[in-house]
Structure formats: C-alpha cells, structure tokens
Protein chains: 2
Amino acid sequence: MTTNAQTPKRNVLIIGAGGVAQVVAHKCAMNNDVLGELHIASRTIDKCDAIAASVEEKGSFKQPAVLHTHAVDAMDSEAVAELIKETGTQIVINVGSAFVNMTVLEACINTGAAYIDTAIHEDPRKICETPPWYANYEWKRKERCAENNITAILGAGFDPGVVNAYARVGYDMMDKGSVTDIDIIDINAGSHGKYFATNFDPEINFREFTGTVYSWQNSQWQSNKMFEVKRTDDLPVVGEQNSYLSGHDEIHSLSANLDVPNIRFWMGFGDHYINVFTVLKNLGLLSEQPVVTAEGQEVVPLKVVKAVLPDPSSLAPNYTGKTCIGDKIKGKINGVETEIFIYNVSDHKEAYNEVGSQGISYTAGVPPVAAAMLVATGEWDVGHMANVEELDVKPFINLLNDIGLPTRIQDEEGDRPLQFDI
Amino acid sequence: MTTNAQTPKRNVLIIGAGGVAQVVAHKCAMNNDVLGELHIASRTIDKCDAIAASVEEKGSFKQPAVLHTHAVDAMDSEAVAELIKETGTQIVINVGSAFVNMTVLEACINTGAAYIDTAIHEDPRKICETPPWYANYEWKRKERCAENNITAILGAGFDPGVVNAYARVGYDMMDKGSVTDIDIIDINAGSHGKYFATNFDPEINFREFTGTVYSWQNSQWQSNKMFEVKRTDDLPVVGEQNSYLSGHDEIHSLSANLDVPNIRFWMGFGDHYINVFTVLKNLGLLSEQPVVTAEGQEVVPLKVVKAVLPDPSSLAPNYTGKTCIGDKIKGKINGVETEIFIYNVSDHKEAYNEVGSQGISYTAGVPPVAAAMLVATGEWDVGHMANVEELDVKPFINLLNDIGLPTRIQDEEGDRPLQFDI
C-alpha cells in the first residue's frame, strides 16, 4: 500500500443533504482539526442551509469555522468539477443519491480530488444488475484512477464499509485459506413510531429488495428471492432477531477480494415491514418502470410511494432503540474450527442527541468521515481506487472507536472491545 | 305515480365502456324488441368498438341491428346533449365514471331524454360528503326535472337499485310503521385468481371505503370508520360470510323515503382484501389529493394505484363462484315480529358465458336495462326524478326475474322465488 507524498488533502466537500449528510457534516465539523474547510452541496440549497444551521446550533465545530453551502446538480459532472475547483476541495464525501456516484467520481478524477462514497452506483432505470455490481460502473474507472493518482474509496459507510473492514479483520485473524463463511447481519431493533417508514431514501431502500438476491455461495453467485431464506440469531444487546438473505453491495467486492467460498448478507425485518413490502411489491407499486394513468400521465410508481412515505430524516426525534450490525466469520484459528462475531451496537436516541439524526444515518455517516480523516492524514490517501477491505483497516476501526462507532468482538474468549495496537 | 302520455321512449344511448357498460350493451341488445336503436359512447371509442364487436360476436341482438359507437367526453354536457340529439336518443343509461353524472343529467334535462344511472355523483376532489349524499348534487335538480317532465331514475344498478326495490317490497309487506331495521348485505364469494383486484373501477371502489362510514341508526346519521363494525351471516348458497358496516348510496335515499330508524349497508371483505386496503390507506396511497414527487411531478396516488391494478374487466374470463346480495328486513307482519331476507344469487362464470363480464358487473348492468325497458313501456316513464324505492318496484323485480337476476325470499315459510302477480 502506497501513500501520496504530496500535501495532505484536507478540505472536504459533502455531496448530498439527507439524513446521512447531516451526520457527515456534524462529524466533519467535530474533527475539523484533522480536516480542513468544509463545504456541502445538493440540488436544494435549503437542505444544506438547514444542516449548516444544525451544525452551528449544536456547536459541533472543534475549531471555529463555518459550513459553506452550495446548490449543485450532482448528475452534472462538470458542475461538480467546477465546484470542487472553486472551493479548493481535496476530499469529496459523496452521500447523495446512488444515481450520482459516477458523475461525482468523474469530477474527482478530472480535478484530482479524493473520492469517498457509501453505496454502489445505480442506474435509475435498472434494478439489480449482473454481479459483481462494482464491475458495472465503479471498477471500469479503476485504471484511470491509478493512472491519475486518484484516491477513490468505495463503499465506506457501515454496510458496505465497516462490515468490509470487519471481514478483513476476521479473515486476517484466521488461518490462511481457512475461512469458509462470512455472514454479515444488519439488525435495526429500533422503533420510529410511524405506521411505516424506511430508514433511508425509500427509493434506494426498496430497490435493494425488489430484484434478485445475489449471494456468494460455494464460490459462485447464487440467486434467490427476497424473504426466501431466513435465519435467527441471538445477538448482543438486541437479543433474538430474524433476518433474511438479501442482496447488498459488500458481497460484490468481498467475493473478489477475499478467498472465502460463502459470503452472505442478512437484513433484519419485522413481520409488519414484510407485509407492507409484500403488498406494495405484488401490486407493482415498487416498480421503477413508468405506468400510465387513466388520464394519460406517465408516473414511476416507486417515486409516488417515496412521496407518500415519511421523510427518513423526520424519524430521528422519536426514534428509540438500538442497531446491531456485524460479521459472523467461520474458519480456523491455529487449526481449530471457530466462529467469531465482530460488531457494533448503536443507539438511535444517542445519535439524535449528538448529531440530530437517527441511528441508521449515524452508522452510515460516521465511517466516511473516518475515511476522509485517514485520507487527510495520508494513511488512506492511496492514489488508486479501493474497496475498504483492500486498505489497512486497523486505523479505520481504531478511529471509529474514538469518534462514535465502537467495535466489539465475540469469540471463545468472550465479548470485548476490539482495538488494535498499531 | 303518473306516466307520460307521449310516444314511448325507446332509443338508448349508453354512456361508458367499462365492464358494466358491456353488460348493459348485451342486455339492451337481447331486449331490442322493447328498446329501440342502440348507441354507446365513451371517451375512448376503441372500448365502445370492442363492446360492439362482443355483442356482434355473441349474437346478442334479439332483432337484427347494430350497436353504434361514438367518442364523447361525458364531462362536456353540451357534447353529450349534441350526441343525444344526433342519435335520436330517448333514454340515456349512464354507466360512465361517477364523476360525469351531473353533466350527463344536464344533457338529458336540456334535450328531454330520460336519464338512468347506477351510482351517486361524485366530485373527484372530494371524498364522502355530508349526508344525505343525493342532496349534494342529484336532488338539487329534482324540481327542474319535474318542471321539464324529465324522467330521471337514480341509482338503478343492483346496490343501489335492486336492493332499494327489495327494501320497498319488505317495507310494504310489513305492518305500517313496524319496520325497525333494513340491513343490506353485499357478498362476493367469487375468486378472480389475482393477487389483488377490485371488481369495479379501483378509484371508485376505494373512494367508497376511505371516507367516513355513514349509517342511518336510531333515525339519525351515525359515523364510523371502515372495518370498525363487523357482522357474520349464514347466507343462502355462499354460506357463512363476514361483512363490514360501509357507507353506500342507497342509505342516503332510503332514509329519506322510508320510515325506518335503522338502515345499514354491509360489504363483505376477505382478510386479504382488508390487509391490502389497510396498507394502502395507511400509507396514503388511496388519497385523492395530489402529492409531489422528489422530481417535482404532481400525482394523485389513487390514480397510480388504479394504474397498477388489473383492469376489472380483465378478471371476467377466470372469475368463478357466486355473489349474494340482499336485504334483511326486521318488522312485524300481522303484529308478529319477523325477519325476512330478500336476495339474489349470481354466478360469475354464467355471467361471463352470457355477456362476457364477471358477476359484479352483471348484477350492476342488468338492472338499468330493466329500468330502461320499463321507461320504454311507459311504466317507469314518470316524468320526474326518482330513486328506485319511490317507483312501483313490482314490475322491476318481475322483469329482472325474466332477464337474468332472479329474486328469492327467505322467511318463516322458507326459501322461494319472489314473483308478483300484477
């Protein structure tokens, strides 16, 4: 792993102004001794201004500063490049819609800024493309990033992101070639008190579950339907929880980067969520393909469902309970078969009190700030495109321990914090 | 009751081209010795042409004739009046959307044609107006109909319509002033084989259940929510069935025209229907009020739900099972308390074989043809506006016995056909 010898990158531009961007902004402000000038941009500047006001109000800046706000259409790569240049941005944290990743990445390649995102690129017209997903868009730009010395860190949220780091840690702890299974389990045991709501942009949330569920089993892609395969785990703090085999970004890089025959992602759902989802899906209301009303209006049903659901960021004030996300990893240590669980537990209410967002946004928003800080210190300013598991994940996990997302490990020796001596 | 002395009205214009219009067209054709020239018009002439082709194909005309097709915007009252004049129409059977009743009625008033509909007028922007519903639109034109000698028969489908006739019959069979309860029960025990579908235009169907449930109890309007009050009956042919207190047109005229303290409407629903309805309603997807998508498009959610659901007319070929709709009437006969049930049972498959529509459309479409035939023979050509229970209902029930909707009665003497000696 090489690092750039040039001046440390510090100035940050946040793309997006949703619940995750709110967390990113607060955490950047709280660490602006490591990071430099902070900017935030989205299509609607009002949303950026609201985040800036929240950062101001909570007094989040470690060193006196302001969060500069901008309006930009992130689908317009040249406009983003222009903004990067104008603002002197050195690190872009892209937490906008999943549809803007490639235009923002292109802007970074063309301006020399480092790029960090938290979810895979999606084409709004397609759901669930051929695996591995990263090969459809991101990895096609791998060579150009290397040629141009561009640091591009893909999927640096919690999942993908921290769970990739957990996979790497478990993989490295075990005997070489001995890991048989990595099961990533994402449980939200919180309650938002609404009839129904999604914790992320409903459009992205539902798109995750309407397509084929790809998992990596016996070293090949396996296809299932959503809610077809269920598991039940007794987990720390949140207790017994059901989760379902789901398609998710991290499988598509971990399967390429680690020599492990079985890599699966499990998302926890309550019966009520499944019922609402099933009704909407069976009726065709989760379709990304337009329908025509009797009056001749062309409408994408999923966009209407999004319009009637609560804004995920509105859930934060009344959200209670915990999340538990982690990796169960099976393999051998010193020749003995073993299973370990590396995980984080977060609290919705604490997240809201700290940064004004709920726990799901918090777990997604803190890690890219940690990644940006590691780019700023040079440790992750690698000058090429990388998924998290390809990087040195120890300083990442240590830094997250310090800035709000502590990691714990469960193994034969018990349940304890995970911190590395570096 | 007076009848017009003028030349019998016979030529018919059908407004609308949905599943009910299909039944109306076939039944008019099968009785074109009583009725005269037949025309059908809707916004989309292709739908009219398809109905005309079906009438032709099944050889439904009793006497050689053709069903003439026209394109008309039924919201444009002058265009409808023009069409009435051009076609020499004397009876308009309006089975178009519930939003066009008043424009079509106005066209009849202005041209002298008789008017028949099967459901109450609705304003697309409002749901569930103040009771009695007929007073909001229809009855405001009562005087003008009388002044202009216009026969306007309101709500002459099955429910409202035939069930109003049943109420009248039961009321007249019992001791004067003794009837305490009329409970209209509408059960569809059929199966369409789809995940979910409505038997009528989904927009109208859902609008019936999203507003306040008005019932007439203790001689006043009572408000409930949908699915709040349930009853279970053991009914002829269809067996034990659950139904729920619902708002429905006929309560709003029967409560004004009959001296009965309790008049309620009960609609049968399966648990699956209720679940889908509840999810859609709670999410706000049944709203008739526009929402704005993230992209700025203004959309009425209910119209999108309609767009994704199966076209009700598409259900017919695979529909199996029976409907049972009737009135349970409590009162005294010769001083003795009694309860009678006057009802019809129809079969989805038989309806499809006869006229190419399912049973729900069949029960709604046959009665307005009977009404038109009674206008043509002069018996119902009353020269004023009337709800069905205000007319002489005996020839109506007898005629329905002959043309496909036989009435039966259950009382202390058993279960038998109901036919009147006139």
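Basis of the calculations
- Residues numbered from 1 in each chain as written.
- Chains lettered and ligands numbered in written order.
- Predicted model: local features only at pLDDT ≥ 70, side-chain atom pairs only at ≥ 80, totals over all residues.
- Heavy atoms only, no water.
- Salt bridge = Lys/Arg side-chain N within 4 Å of Asp/Glu carboxyl O.
- Helix = DSSP H or I, 4+ residues; strand = E, 2+ residues; numbered from the N terminus.
- Buried < 20%, exposed > 50% of the residue type's maximum accessible area, 1.4 Å probe, protein only.
- Domains from an automatic or database assignment.
- Contact = heavy atoms within 4.5 Å.
- Buried area = accessible area lost by both parts, 1.4 Å probe.
- Pairing = 2+ DSSP bridges.
- Axes fitted to C-alpha atoms, helices over the stretch in contact; angles between N-to-C directions.
- Polar contact = N/O pair within 3.5 Å; in protein donor to acceptor, adjacent residues only side chain to side chain.
- Least-squares fit on C-alpha atoms with pLDDT ≥ 70 in both.
- Phe/Tyr/Trp six-rings, centres within 6.5 Å; stacked < 30°, edge-to-face > 60°.
- Arc of directions from axis to C-beta.
- UniProt positions renumbered as here; feature names shortened; annotations may be inferred.
- Disulfide = S-S within 2.5 Å.
- Parallel < 35°, antiparallel > 145°, perpendicular 65-115°, else oblique.
- Left-handed = near helix turned anticlockwise from the far one by under 90°.
- Nonpolar A, V, L, I, M, F, W, Y, C, P; charged D, E, K, R; others polar.

With that settled, consider the pattern of salt bridges. Residues and elements named next belong to chain A. Throughout the structure, instances matching the rule amount to 38 salt bridges over all chains. Across the salt bridge formed by Lys-303 and Glu-203, the nearest N and O atoms sit 2.8 Å from each other. With a gap of 100 residues between them, Lys-303 in helix H10 (residues 301–308) and Glu-203 in helix H7 (residues 202–210) connect regions that are remote in the sequence. For the pair Lys-303 and Glu-203, a shared accessibility class is recorded, and that class is buried. Of the charged contacts in the structure, one is a salt bridge between Asp-347 and Lys-322, with a shortest N-O distance of 3.0 Å. Within this pair, whereas Asp-347 is found in strand S16 (residues 336–347), its partner Lys-322 is found in strand S15 (residues 322–333), the two being separated by 25 residues in sequence. In this structure Asp-347 comes out as buried when scored by relative accessible area, which is 14%.

Moving on to the domain arrangement of chain A. Residue and element names in this part refer to chain A. Annotation of chain A at the domain level lists domain 1 (12–158 + 357–403) and domain 2 (162–354 + 407–417). In this structure, domain 1 and domain 2 have C-alpha centres spaced 21 Å apart. In this complex, domain 1 contributes 42 residues to the contact, which on the side of domain 2 involves 42 residues. Both sides of the domain 1 and domain 2 interface together cover about 3,700 Å² of buried area, and 64% of this is carbon and sulfur. A per-residue breakdown of the area domain 1 buries against domain 2 is headed by Ile-127, Phe-158 and Glu-389, which together make up 22% of the total. Along the contact surface separating domain 1 from domain 2 lie 1 salt bridge. The salt bridge involving Lys-27 is made with Glu-354; its shortest N-O contact spans 2.5 Å.

Attention now moves to the sheet that holds strand S4 (residues 91–94) of chain B. Residue and element names in this part refer to chain B. One open sheet accounts for 7 strands, arranged S3-S2-S1-S4-S5-S6-S17; its pairing is parallel. A single partner strand is all that each edge strand has here, and the edge strands are strand S3 (67–71) and strand S17 (385–387). Looking at each pair of strands side by side, their axes are set apart by 20° on average, direction ignored. Where strand S1 (residues 12–15) lies against S4, 4 bridges are found, and the strand directions are parallel. When the sheet's bridge partners are listed, Val-12 is paired in S4 with Ile-91. The strands that helix H1 (residues 19–30) touches are S1, strand S2 (38–42), S3 and S4; relative to S1, the one it contacts most, it runs at about 165°. Of the strands in this sheet, S1, S2, S3 and S4 touch helix H3 (residues 77–87), which is tilted by about 150° from S1.

Before going further, it helps to examine the interface of chain B and chain A. With 29 residues of chain B at the contact, the number on the chain A side is 29 residues. Approximately 2,300 Å² of surface area, both sides summed, lies buried where chain B meets chain A, with 69% of it carried by carbon and sulfur atoms. Our count for the chain B to chain A interface comes out at 2 salt bridges. Our enumeration of links across chain B and chain A arrives at 5 residue pairs in polar contact (both at pLDDT 80 or more).

What follows concerns the relation of the copies chain B and chain A. When chain B is fitted to chain A, the best match, at an RMSD of 0.0 Å, comes from turning it 180° and sliding it 0.0 Å along the axis. Interpreted geometrically, this transformation is the action of a two-fold axis. Same-surface contact between copies: 100% of interface residues of chain B are shared with the interface of chain A.

On to the packing of aromatic side chains. Under the defined criterion, the tally for this structure stands at 30 aromatic pairs over all chains. Consider the rings of A:Phe227 and A:Phe269, whose centres lie 5.0 Å apart with planes at 80°: the pair is edge-to-face. You can see A:Phe227 sitting in the loop between strand S9 (220–224) and strand S10 (230–235) and its partner A:Phe269 sitting in the loop between strand S12 (262–268) and helix H9 (271–283), a full 42 residues away along the chain. The pair formed by A:Phe227 and A:Phe269 is uniform in burial state, with each residue classed as buried. Relative to B:Phe206, the ring of B:Phe196 has its centre 6.2 Å away and its plane inclined at 5°; by these criteria the two rings are stacked. Taken together, the residues B:Phe196 in the loop between strand S7 (181–188) and helix H7 (202–210) and B:Phe206 in helix H7 connect sequence positions 10 residues apart. On the accessibility criterion, B:Phe196 (4% relative accessible area) is buried.

On to helix H11 (residues 348–355) of chain A. All names here are of chain A. Among the residues of H11, those classed as buried are His-348, Ala-351 and Val-355. Down the axis, H11 shows its buried residues gathered within 65° of arc, on one side only. For H11, exposure combined with an orientation more than 90 degrees from the buried face picks out Glu-350 and Asn-353. The inward-facing, buried residues of H11 contact helix H1 (19–30), helix H2 (45–57), strand S7 (181–188), S15, S16 and helix H12 (359–376). At the N-terminal end of H11, a side-chain oxygen is found 3.0 Å from the backbone nitrogen of Lys-349, two or three residues along, and the residue is Asp-347.

As annotated by UniProt and renumbered to match this structure, "domain: Saccharopine dehydrogenase-like C-terminal" (unreviewed entry) occupies residues 157–404 of chain A. Between the first and last C-alpha atoms of residues 157–404 of chain A the distance is 13 Å; the span itself is 35% helix and 28% strand.

Our focus in this paragraph is the state of the cysteines. For the structure on display, the rule yields 0 disulfides over all chains. Note on A:Cys108: no disulfide assigned, nearest cysteine sulfur contributed by A:Cys145 at a separation of 8.8 Å.

This part is about the packing of H1(B) against helix H12 (residues 359–376) of chain B. Residues and elements named next belong to chain B. Orientation of H1 relative to H12, taken along the N-to-C sense of each, is 45°, at an axis distance of 8 Å. By the angle between their axes, H1 is oblique relative to H12. The handedness of the crossing between H1 and H12 is right-handed. Of H12, the residues touching H1 (which contributes Gly-19, Val-20, Val-23, Val-24, Lys-27 and Cys-28) are Ser-361, Tyr-362, Ala-364, Gly-365, Val-366, Pro-368 and Val-369. Here the contact of H1 with H12 is built from residues that sort into 9 nonpolar, 3 polar and 1 charged.

With that settled, the discussion passes to the sheet that holds strand S6 (residues 152–154) of chain A. Residues and elements named next belong to chain A. The 7 strands are arranged S3-S2-S1-S4-S5-S6-S17 in an open sheet whose pairing can be described as parallel. Looking at strand neighbours, the two that pair on one side only are strand S3 (67–71) and strand S17 (385–387), the edges of this open sheet. Sheet twist, expressed as the mean angle between neighbouring strand axes with direction ignored, is 20°. In this sheet, strand S5 (residues 114–117) lies alongside strand S4 (residues 91–94) in parallel orientation, the contact comprising 4 bridges. Among the inter-strand pairings, Ile-93 is bridged to a residue of S5, identified as Ile-116. Contacts from helix H4 (residues 101–111) reach strand S1 (12–15), S4, S5, S6 and S17, with the element oriented near 160° to S5. The strands touched by H12 are S4, S5 and S6; relative to S4, the strand with the most contacts, the crossing angle is about 170°.

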